[in-house]
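Coordinate analysis (summary)
These are the residues of each chain, in order.
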Amino acid sequence: MLSRIKEVLQTFPYVVTGVLFACALFITIFNEEAYIPAGLFWQILAVSFLCVLGDLFFPQRDMTGRERRVRRLLHYLYINVVVFGSGRIFHWYDAGNLIMNAFIFLMIIVICYSVSFVIQRRNRRLSELLNERLEQYQNKMQ
């Protein structure tokens, strides 16, 4: 369980960064003259944390390709529910404005893909480093 908490805390900064970029872009496009209340930053942190909790959809074991796709879909749907639900609660956007909805939908896709890419790349580098160190250790032992 401790490793799951660590994983969530490592993913959180990536998600917050993506959400901040998306918010800045959203405000620039749809309401350039907007007054940004300080509460928005707390809302961004809370929603980002709720989104990161979606990582718990993935077990800490190997999954089949089909299971991985289903869990990714569920994770993506969960994030959409969190973001669009929070957006309604916090009055971030006009639900009747299809362009705003499409923009948010697109930003969710971009952030999900970007965060997944960065985390996979980080994990691959860590794996390569561990393999390299293991090989060095084994060579010393011989």
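You'll find the structure just up there.
Residue indices begin from 1 for each chain and proceed along its sequence in written order. Restriction of local features to residues with pLDDT of at least 70 applies here, the model being predicted, together with a cutoff of 80 or more for giving and counting side-chain atom pairs; totals for whole chains, interfaces and linings are based on all residues. Each side-chain value is worked out from all heavy atoms of the structure, with water and hydrogens disregarded.

What follows is about unusual backbone geometry. The phi angle at H91 is positive, at roughly 60°, despite the residue not being glycine. Helix and strand definitions follow DSSP, with helices as H or I runs of at least four residues and strands as E runs of at least two, each counted in order from the N terminus. Assignment of secondary structure puts H91 in the loop between helix 3 (65–89) and helix 4 (98–141).

Turning our eyes to something else, we now look at the packing of helix 1 (residues 2–30) against helix 2 (residues 39–52). The geometry of helix 1 relative to helix 2 is characterised by a closest axis approach of 9 Å and an angle of 130° between their N-to-C directions. In terms of orientation, helix 1 lies oblique with respect to helix 2. Judged by the sense of rotation from one axis to the other, the crossing of helix 1 with helix 2 is right-handed. Counted together, V8, T11, F12, V15, V16, V19, L20, C23 and I27 of helix 1 and L40, I44, L45, S48, F49 and V52 of helix 2 form the full contact between these two elements. Each residue gets one of three labels, nonpolar for Ala, Val, Leu, Ile, Met, Phe, Trp, Tyr, Cys and Pro, charged for Asp, Glu, Lys and Arg, and polar for the others, Gly among them. Taken together, the residues that form the contact of helix 1 with helix 2 break down as 13 nonpolar, two polar and no charged. As a rule, the C-alpha atoms of each element are fitted with a line to give its axis, helices using only the stretch in contact, and angles between N-to-C directions run from 0 to 180 degrees. To sort the angles, those under 35 degrees are grouped as roughly parallel, those over 145 as roughly antiparallel, those from 65 to 115 as roughly perpendicular, and the leftovers as oblique. Helix crossings are classified by the rotation of the near helix relative to the far one: an anticlockwise turn of less than a right angle makes the crossing left-handed, while a clockwise turn makes it right-handed. Pairs of residues are marked as contacts when any of their non-hydrogen atoms sit within 4.5 Å.

A word on a nonpolar patch on the surface. A contiguous nonpolar surface patch, about 310 Å² in accessible area, is contributed by F49, L50, L53 and L56. Looking at where L56 falls in the secondary structure, it is placed in the loop between helix 2 and helix 3. Each patch groups residues whose relative accessible area exceeds 30% and which form no salt bridge, using 9 Å between like charges and 5 Å between nonpolar side chains of Val, Leu, Ile, Met, Phe, Trp and Tyr. Computed with a 1.4 Å probe, the accessible areas rest on the Shrake-Rupley method; for each residue, only the protein chains presented here act as cover. Take a side-chain nitrogen of Lys or Arg and a carboxyl oxygen of Asp or Glu: if they are within 4 Å of each other, that pair is a salt bridge.

Attention now moves to the side chain of N101. Looking at the element boundaries, N101 is found in helix 4. Exposure classes here rest on a 1.4 Å probe applied to the protein chains alone. A residue is buried below 20% of its type maximum, exposed above 50%, and partly exposed in between. Using a relative accessible area of 17% as the deciding quantity, one classes N101 as buried. Those residues in contact with N101 that lie beyond four places of it in its chain are F84, Y93, D94 and A95.

Looking now at the packing of helix 2 against helix 3. Direction vectors running N to C along helix 2 and helix 3 enclose 160°, while the axes themselves pass 9 Å from each other. For the element pair helix 2 / helix 3, the angle class is roughly antiparallel. Helix 3 is crossed by helix 2, and the crossing has right-handed handedness. Two secondary-structure elements touch here, helix 2 through V47, L50 and C51 and helix 3 through H75, Y78, I79, V82, V83 and S86.

This next bit is on the nonpolar core. Counting 24 residues, the largest nonpolar core has F26, C51, V83, Y93, I104 and I108 as the members making the most contacts within it. If you list the elements that add at least two residues to this core, you get helix 1, helix 2, helix 3 and helix 4. Of all the elements, helix 4 adds the most residues to this core, at eight residues. I108 has contacts with Y76, I79, N80, V83 and F84, leaving out every residue within four places of it along the chain. Residue types Ala, Val, Leu, Ile, Met, Phe, Trp, Tyr and Cys, when buried and joined through side-chain atoms within 4.5 Å, form a set referred to as a nonpolar core.

Another aspect to go through is helix 4. When the terminal C-alpha atoms of helix 4 are compared, their 64 Å separation across 44 residues agrees well with the 64 Å that a helix rising 1.5 Å per residue should span. Within helix 4, burial applies to M100, N101, F103, I104, M107, I108, I111, V115 and I119. As for helix 4, its buried residues are in contact with helix 1 and helix 3. Within 3.5 Å is the distance limit for a polar contact, defined as a pair of N or O atoms, with the added protein rule that one can donate a hydrogen and the other accept it, and that residues adjacent in sequence qualify only through two side-chain atoms. By the N-cap criterion, in which a side-chain oxygen at the helix start approaches the backbone nitrogen of a residue two or three places on, helix 4 is capped by N97, the distance to I99 being 3.0 Å. Here the expected length of a helix is defined as 1.5 Å per residue gap, with one fewer gap than residues.

So far we have only geometry, and geometry alone does not tell us how the molecule works.
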